[in-house]
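# Descriptive structure summary
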Amino acid sequence: MASTVSRGHGANAVSGGFVLRAEGLHKAFGGQIILSGTSVALRAGEIVLLRGENGSGKTTLLNILTGYLRPDVGQIFVNGGSAGGSFTFPRRWWETISPFAQFTPGRMTRAGVSRTWQDIRLFPSQTLLDNVAVAVPNQQGERPSRLLLRPLGAARQEARVRDVAGSALARVGLSGYVNASADRVSLGQAKRAAFVRAVETGARILLLDEPLAGLDDNGVSDILSVLSDLAKTRGLTLVIVEHLFNIPRVLDLATAVWTLRDGLVAVEEPKAVRERMKVEVGHGLSEWLRRSSGLASTAETQRLRGGGAISFFSKAGLEPGEVVLEVDGLLVSRRGRAIMGDQGPDGQLRGLSFKLRRGEIAVLEAQNAWGKTTLLESLVGVLPVTRGRIVLDGIDVTRLEPWARASLGLSMLQSRRNVFDDLTVRESFQVAKVETIPDGLEAFSSRRVSNLSGGEKQRVALACALGMRRLRVALLDEPFSAFDRASMIAAVAQTERSLGDAAVLIAVPAGWAPTQRKERL
Amino acid sequence: MNYVLHLSIYLGIYCIAALSLNIIVGYCGLLTMAHAAYFAIGSYVYAITTTRFLWTPLQAASMAVGASVVLSVVVSLAPRRFKRDSFVLISLAVQVIVFSVIANWFEPMTPPGTLRNLTNGPFGISGVLRPSIFGISLEPLARFAALAVGAALVFAVVLHFLLNSPWGRLLKASRDDELVARGLGKNVDLARIQAFAFACGSVAFAGALYASYVGYIDPSTASLDHSILMLSLVIVGGTGNIRGPLAGAAVLLLLPEALRTARIDDAVAASVRLLIFGVLLVVMMHLRPQGLLGEYRVR
């Protein structure tokens, strides 16, 4: 195949008015074909929603368009002025060693194509200001020789860079956090800083990997308004990868939808997709759970301290059994401040109390930073509790080690980093003592977990949490965020199957589970 | 008084060594076992060029720094492909190779500093004189102490300036998440090569100071134990800032001296010192894994 690297005007000519275009992309991993001749074209100012089933290749396509992954075959054109160019694959040997023909993330960034990550990936040891300032290109101060020989020039430029970074952070409402360490800010603040960092590389095209994941209702609205504002003021072209329940929110913003199916991209109108999504998603997780399964139509809801709520569902015709998990006055605090629980009007710290019965699914929804993960981690024994009692099957487990709680039938699915990448799927199930492998996962059993897609990994992790021998209570932290519709149906069916002897507690961000409620006392 | 001056000279030399190692460990996030090798290259190049070729101290020190920088650039191309554990092994290989070359480039009855007997092997090179700079002899201990402590102070100030600049920020970003830093369009490899060159050149200068102070060097300057001592200074003191390595050098160099006053029987004193040193390291790892004053925890 002919291989070229054209630069500047040559690239403009071939890209035909598009800012980024890819043609005939093929990509396979270990014999599994992910992309088979995919072509996409992006016009300036477009906001594209990229969606697709789990394993359809969304992340693969995003990685290819940003230079993190090379396609096996295909062409990519970037219209990025002198830094733009076209890349033809497979690469000739001299192109792989020539510094001018490299297809790398850095090269794509210099051509104006930048990205954000699902897990945000700010530099944790640095302040938000430094996180953004480091992204500014062509800094004299990054060359030690310049620093030592022309310190004043470098200092003046650094002052300008810090000004730019500070005002960029202020524009997204982070003016009070410029000197906050990146590992100490909230999820929403970190996401906003990550957008700013990507934009300050000089990006004209920004690809966002699940920017709404893990956010509550207010957080989603904030992020969408920030994105819409950035797109307008900076003239950005956006490609947003999102999953099932967040897609309707992105559709409010999107001008086009790319749907990946069978290795190809179909371009659709947002309006048509929205109509279909109404049928698929309805009004949030609770309604979806109810409709897609035999769960009772109305949930009982218990208000929790600090603004959280637990909705209890049970299967129609199946009365909940005995109490399997009792949480009584549970409080987790650090240095006298409640990080789960709340402070009463008298200044006293007050803990959480609720009961979970066999055969119930409890959906815990609360705002970000309420302490959902803290609650689940303290129940499973990873975090020490300050006060209160956790009773599992009549046994007080408050002071037991995590492994001892697990042996009594308590399991947990963490919201991220919940699989062992280096194991095969079969080995993962063996480690988790899963006796029966759920339908649809046998096909993966000999594959390494690191080679699975995000959704497939999540299915394996869920199966490990729910498939434990003598399961009594499964705690699931945002289990559905990476799922498509088919995976959701499979996951809910799997959750229901485990209800015979056990109960399930699912934590989701607030705004995911609006439903009809009656109060449980 | 001479004892205090002697300690100040050692402290000055090892502060430069610890601060330079901190660039690699604390700012690049890479654990190296080869720092003593670069220290020894500095010592040997300085010793050979001054004793055999009668170069001036400035010429000899520049050559010592240059030789170390060149080797570091060649070796630091490795981190591009080798990460974490495998980088430690690469640095260990460099350490072993340099030590072997120094210990074995030797032929009896041939003057040291020649091609047949470059390093004089296990017998080392003696007769390295204390330098005169701009006509001022550094033979008196107080003047040499002023040079060593002054050099360490100047080095700390320059390093503080460099590491608090955009270059330091870039190194820290690359250490925290290399892939993201590359994705921001940054030349991570170049920044690391610069950091390695600067660190290895600086420790070679410390080596040259050491050779000219002691007057005699042998292969033990390039030993693995010496590298581990330097690494201990940084890990005990803490990495990721300037204060940590300085604190580490002060504690670990002055602790054995403080123990001298404890009137321990000479026969067991060395063992007791090692025991205390070992216990201190274990306690530190449990209670303060980031070191006394460190910001970054080496993984």
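In this report, we go over the structure that sits alongside the text. Because the structure is a prediction, the values reported are computed rather than measured.

### What about the packing of helix α2 (residues 35–51) of chain B against helix α4 (residues 84–104) of chain B?
Residue and element names in this part refer to chain B. Contact pair α2 / α4: the axes reach a minimum separation of 8 Å and the direction vectors enclose 30°. Relative to α4, the element α2 is oriented roughly parallel. The element α2 and its partner α4 pack so that their crossing is left-handed. Within the contact between the two elements, α2 uses His35, Ala36, Ala37, Tyr38, Ala40, Ile41 and Tyr44 and α4 uses Val94, Gln95, Val98 and Ile102. A class-by-class count of the residues in the contact of α2 with α4 yields nine nonpolar, two polar and no charged.

### A few points about the environment of proline 438 of chain A
All names here are of chain A. By the element assignment, proline 438 lies in the loop between α15 (425–431) and α16 (454–466). With 55 residues separating them along the chain, proline 438 and alanine 493 place their C-alpha atoms 10.0 Å apart. Not counting the four nearest positions on each side in its chain, proline 438 is found in contact with Phe429, Ala463 and Gln494.

### Focus on the nonpolar core
Within the largest apolar cluster, 80 residues are counted, with the highest numbers of intra-cluster contacts made by Ile9, Ile13, Trp167 and Leu171 of chain B. Of all the elements, helix α1 (residues 2–27) of chain B adds the most residues to this core, at 14 residues. Ignoring anything within four residues of it in the chain, the contact list for isoleucine 13 of chain B reads Phe39, Ala206, Leu209 and Tyr210 of chain B. Counting residues in each nonpolar core, the second largest holds 72 residues, with Val250, Leu251, Met488 and Ile506 of chain A among its members.

### Structural notes on the interface of chain A and chain B
With 29 residues of chain A at the interface, the matching set in chain B holds 22 residues. Buried area between chain A and chain B, summed over both chains or domains, comes out near 2200 Å², and the portion from carbon and sulfur atoms is 64%. In terms of surface lost to chain B, no three residues of chain A exceed Phe123, Glu142 and Leu147 of chain A, which account for 24% of the buried area on that side. Applying the counting rule to chain A against chain B returns four salt bridges. The partner of aspartate 177 of chain B in a salt bridge is arginine 121 of chain A, and the shortest N-O contact between them spans 2.8 Å. Our count for the contact surface shared by chain A and chain B stands at 13 residue pairs in polar contact (both at pLDDT 80 or more). Contributing elements (two or more residues each) for the side of chain A that touches chain B: α4 (105–110), α5 (128–133), α6 (144–149) and α7 (151–171) of chain A.

### Observations concerning a nonpolar patch on the surface
Taken together, the side chains of Ile97, Val101, Trp105 and Leu115 of chain B make up a nonpolar region of the molecular surface, amounting to roughly 400 Å² of accessible area. Its place among the elements puts isoleucine 97 of chain B in helix α4.

### Focus: the sheet that holds strand β2 (residues 32–43) of chain A
All names here are of chain A. With respect to topology, four strands assemble into an open sheet ordered β2-β1-β4-β5, the strand pairing being antiparallel. The outermost strands of the open sheet, each flanked by one partner alone, are β2 and β5 (85–89). Neighbouring strand axes in the sheet, compared pairwise and without regard to direction, differ in orientation by 10° on average. Where strand β1 (residues 18–29) meets β2, nine bridges bridge the pair, whose relative direction is antiparallel. Among the inter-strand pairings, alanine 28 is bridged to a residue of β2, identified as isoleucine 33. With respect to the sheet, helix α2 (residues 58–65) is in contact with β1, β2 and β4 (73–78), its orientation differing from that of β1 by roughly 125°.

### Re the sheet that holds strand β7 (residues 205–209) of chain A
Residues and elements named next belong to chain A. In space, the six strands of this open sheet follow the order β6-β7-β8-β3-β9-β10, with mixed pairing throughout. Two strands close off the open sheet at either side, each with one partner strand: β6 (113–116) and β10 (264–268). The mean angle between the axes of side-by-side strands here comes to 20°, regardless of whether they run parallel or antiparallel. Direction of pairing for β7 relative to strand β8 (residues 237–241): parallel, over a ladder of five bridges. Each bridged residue has a counterpart across the sheet, and for leucine 206 the counterpart in β8 is leucine 238.

### With respect to the layout of surface pockets
Approximately 1200 Å³ is the volume attributed to the second largest pocket. Looking at the second largest pocket, it is lined by 39 residues, and the ones nearest its centre are Gly106 and Arg110 of chain A together with Gly185, Lys186 and Asn187 of chain B. Mapped by element, the contributors of at least two residues to the lining of the second largest pocket are α4 of chain A together with α7 (178–183) and α8 (188–214) of chain B. Across the lining of the second largest pocket, the residue classes break down as 15 nonpolar, twelve polar and twelve charged.

### Re empty space enclosed by the protein
Taken as a whole, this structure holds five cavities of 30 Å³ or more when the rule is applied. In this structure, the largest cavity spans a volume of roughly 80 Å³. Considering the residues around the largest cavity, the lining is formed by Tyr68, Ser114, Arg115, Thr116, Trp117, Ala194, Arg197 and Ala198 of chain A together with Val180, Gly183 and Leu184 of chain B. Elements with a contribution of two residues or more to the lining of the largest cavity: β6 and α8 (187–199) of chain A together with α7 of chain B. Class assignment for the residues of the lining of the largest cavity results in six nonpolar, three polar and two charged.

### A word on unusual backbone geometry
Residue and element names in this part refer to chain A. Geometrically, the link from phenylalanine 89 to proline 90 is a cis peptide bond, its omega value of 0° lying close to zero. Residues other than glycine seldom take positive phi values, yet glutamate 210 does so here, at roughly 45°. By the element assignment, glutamate 210 lies in the loop between β7 and α9 (217–234). Using a relative accessible area of 6% as the deciding quantity, one classes glutamate 210 as buried. Positive phi outside glycine occurs at aspartate 393, with the angle close to 55°.

### Considerations on the pattern of salt bridges
Going through the model one piece at a time under the given rule, you end up with 25 salt bridges over all chains. The partner of arginine 169 of chain B in a salt bridge is glutamate 158 of chain A, with the nearest N and O atoms 2.8 Å apart. Remark: glutamate 158 of chain A occurs in helix α7 and arginine 169 of chain B occurs in helix α6 (residues 166–176); the pair is interchain, linking two chains. The same class applies to arginine 169 of chain B and to glutamate 158 of chain A, which are both buried. Aspartate 422 of chain A serves as the salt-bridge partner of arginine 448 of chain A, at 3.2 Å between the closest nitrogen and oxygen. With arginine 448 of chain A in the loop between α15 and α16 and aspartate 422 of chain A in the loop between β21 (410–413) and α15, this residue pair connects regions lying 26 residues apart in the sequence. Residue arginine 448 of chain A is classed as partly exposed on the basis of its relative accessible area of 39%. Judged by relative accessible area, aspartate 422 of chain A falls into the exposed class, the value being 58%.

### Structural notes on the pairing of β10 of chain A
Alignment of strand β9 (residues 256–261) of chain A against β10 of chain A, held across five bridges, turns out to be antiparallel. The residue of β10 of chain A that forms the bridge with tryptophan 258 of chain A is valine 267 of chain A.

### Re the packing of α1 of chain B against helix α5 (residues 141–163) of chain B
Residue and element names in this part refer to chain B. Running from amino to carboxyl end, α1 crosses α5 at an angle of 20°, the nearest separation of the two axes being 8 Å. Put simply, α1 runs roughly parallel to α5. Crossing geometry of α1 relative to α5 is assigned as left-handed. Contacts between α1 and α5 involve Asn2, Leu5, Ser8, Ile9, Gly12, Cys15, Ile16, Leu19, Ser20, Ile23 and Tyr27 on the former and, on the latter, Leu141, Ala142, Phe144, Ala145, Ala148, Val149, Ala151, Ala152, Phe155, Ala156, Leu159 and Leu163.

### Description of α8 of chain A
Spanning 13 residues, α8 of chain A covers 19 Å between terminal C-alpha atoms, matching the ideal 18 Å at 1.5 Å per step. Across the 13 residues that make up α8 of chain A, a large majority, twelve, are buried. Here α8 of chain A has its buried residues at Gly188, Gln189, Ala190, Lys191, Arg192, Ala193, Ala194, Phe195, Val196, Arg197, Ala198 and Val199 of chain A. Each element contacted by the buried residues of α8 of chain A is listed here: β6, α5, α7, β7 and α9 of chain A together with α7 of chain B.

About the criteria used
- Residues numbered from 1 in each chain as written.
- Chains lettered and ligands numbered in written order.
- Predicted model: local features only at pLDDT ≥ 70, side-chain atom pairs only at ≥ 80, totals over all residues.
- Heavy atoms only, no water.
- Axes fitted to C-alpha atoms, helices over the stretch in contact; angles between N-to-C directions.
- Helix = DSSP H or I, 4+ residues; strand = E, 2+ residues; numbered from the N terminus.
- Parallel < 35°, antiparallel > 145°, perpendicular 65-115°, else oblique.
- Left-handed = near helix turned anticlockwise from the far one by under 90°.
- Contact = heavy atoms within 4.5 Å.
- Nonpolar A, V, L, I, M, F, W, Y, C, P; charged D, E, K, R; others polar.
- Core = buried A, V, L, I, M, F, W, Y, C linked by side-chain atoms within 4.5 Å.
- Buried < 20%, exposed > 50% of the residue type's maximum accessible area, 1.4 Å probe, protein only.
- Buried area = accessible area lost by both parts, 1.4 Å probe.
- Salt bridge = Lys/Arg side-chain N within 4 Å of Asp/Glu carboxyl O.
- Polar contact = N/O pair within 3.5 Å; in protein donor to acceptor, adjacent residues only side chain to side chain.
- Patch = residues over 30% accessible without salt bridge, like charges linked within 9 Å, V, L, I, M, F, W, Y side chains within 5 Å.
- Areas by Shrake-Rupley, 256 points an atom, 1.4 Å probe, with all protein chains shown as cover.
- Pairing = 2+ DSSP bridges.
- 1 Å grid on protein atoms, 1.4 Å probe; cavity = no way out; pocket = protein on both sides within 12 Å on 5 of 7 lines; lining within 4 Å.
- Points joined across faces, edges and corners; volume = space filled by probe spheres on them.
- Expected span 1.5 Å × (residues − 1).

Take it as geometry only, folks, not as evidence of what the structure does.
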